[in-house]
Amino acid sequence: MSESPVLLNKHEVERLLTYDDLIPRLESVMGKFSKRDSSEIIQPVRSVVPIQQHSGFLGVMPAYLAAEGILCTKIVTFYQRAEGSSLPSTQATVLLFHPEHGHVTAIMDGEAITAKRTAAVSAISAKLFKPALSEVLCILGSGQQARSHYDVFTKLFKFKEVRVWSRRKEMAQRFVNDLQDPVTVCSSVKEAVIGADVIVTATGASQPILFGEWVKPGAHIAAVGACRPDWRELDDVLMREAVVYVDSREGATAESGDIILSGVCITFHQYNIADLSHHRHTYSTPKSLFSQAEVFAELGEVLNGSFPARREKTTVFKSLGNLFFHSCDPKIKNKMF
Ligand SMILES: NC(=O)C1=CN([C@@H]2O[C@H](COP(=O)(O)OP(=O)(O)OC[C@H]3O[C@@H](n4cnc5c(N)ncnc54)[C@H](O)[C@@H]3O)[C@@H](O)[C@H]2O)C=CC1
Ligand SMILES: O=C(O)C1=NCCCC1
């Protein structure tokens, strides 16, 4: 009979999962993922079930890393919550399986994993793409992701100024009150982002809040929210002008409103055709004036050397959280990535 699964609660996951382990681990595994060698890694685009009555979604995110014997899935729910709701908007559980026998070996809280993994991947994007001289960090949003991004960005990089904006100023103030170091609370997105070198967008917005005209040329944006095909955080100008990196090309095509909805500007293409009465008429068909924002590369393609990091340009890393890789030796409990 198989052993009972190890249970790791949020507190234990928080203690075991360190950025020092997570970052090199994710760099290696994302580089491998982008080679699409299914004998190494299988990670399909997640399945998402809308929970329409409650403005929520349920996502299932399986992954198999054959060489490492890791078979796992994250099960995640995410909701558009009213401002100030005491419920977390993203909740998750991670299951590890015995790849040979198929039984569950570990059940872990996925909320802390999601917070840290997502922030670690954004930090990797910032390592690769932020301008060489990066003095100002700006965080849009003041929830779970805003906090984990603040933690890892200020741990890894030295900024002269950190700014935060949130829809309700008191939420930004509450965010700042929990921190040791000084952070400027901004009254508008524009005020927060002007002159910023690194911008994190971690909001529940479904319409653009960050406009390209405000963004300093050469800045790096880690765009974490807007993980549905009809949600956006970034406007067309920014999406067109920036070099866009993603975690998974398939995921971005299926799920990123910032990419899918960019450049939808209708104009008319005219052509002549002879109709049945032998007269020539001019017909019009709608045509897009601007094409969709193009994905330049996956983060993994930069990490494995297939594509360059275009640090000199304005860069967007559109994160969707498609990559979930996790390893835990349940018997040892302290070897967790
Ligand atoms: N890319 C990824 O891997 C992941 C993305 N996410 C997404 O990141 C976003 C933030 O997640 P959490 O921090 O967990 O959520 P949260 O609920 O803790 O924080 C959300 C923040 O967004 C703000 N917000 C909500 N609606 C807004 C709107 N319409 N305009 C401007 N601000 C708005 C809230 O005031 C709050 O500051 C969500 O969209 C979530 O789905 C979450 C986990 C992983
Ligand atoms: O990767 C995740 O976990 C999530 N991604 C997008 C939406 C919320 C959770």
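Not measured: the values here are computed from a predicted model. (Residues numbered from 1 in each chain as written. Chains lettered and ligands numbered in written order. Predicted model: local features only at pLDDT ≥ 70, side-chain atom pairs only at ≥ 80, totals over all residues. Heavy atoms only, no water.)

K.L.:
So what's going on with the site of ligand 2? Which residues, and what values?
P.N.:
Around ligand 2 sit Arg46, Met61, Lys74, Val76, Phe78, Thr90, Thr114, Cys227, Leu320 and Gly321, and those are all the residues in its vicinity. One of the backbone N or O atoms of Leu320 is found 3.4 Å from a nitrogen atom in ligand 2. Between ligand 2 and Gly321 there is a distance of 3.1 Å, counted from an oxygen atom to a backbone nitrogen or oxygen. Taking 260 Å² as the accessible area of ligand 2 by itself, protein coverage stands at 91%. No other element matches strand β5 (residues 70–79), which puts three residues into the shell around ligand 2. A class-by-class count of the residues in the shell around ligand 2 yields five nonpolar, three polar and two charged. (Near = heavy atom within 4 Å. Polar contact = N/O pair within 3.5 Å; in protein donor to acceptor, adjacent residues only side chain to side chain. Areas by Shrake-Rupley, 256 points an atom, 1.4 Å probe, with all protein chains shown as cover. Helix = DSSP H or I, 4+ residues; strand = E, 2+ residues; numbered from the N terminus. Nonpolar A, V, L, I, M, F, W, Y, C, P; charged D, E, K, R; others polar.)

K.L.:
Describe unusual backbone geometry, with residues and values.
P.N.:
For Arg36, which is not a glycine, the phi torsion comes out positive at approximately 55 degrees. If you trace the backbone, Arg36 turns up in the loop between α2 (19–33) and β2 (41–42). The phi torsion at Ser55 lies on the positive side, around 50 degrees, for a residue other than glycine. Within the element layout of this structure, Ser55 appears in the loop between β3 (47–51) and β4 (56–65). Classification of Ser55 by relative accessible area gives partly exposed; the value is 36%. (Buried < 20%, exposed > 50% of the residue type's maximum accessible area, 1.4 Å probe, protein only.)

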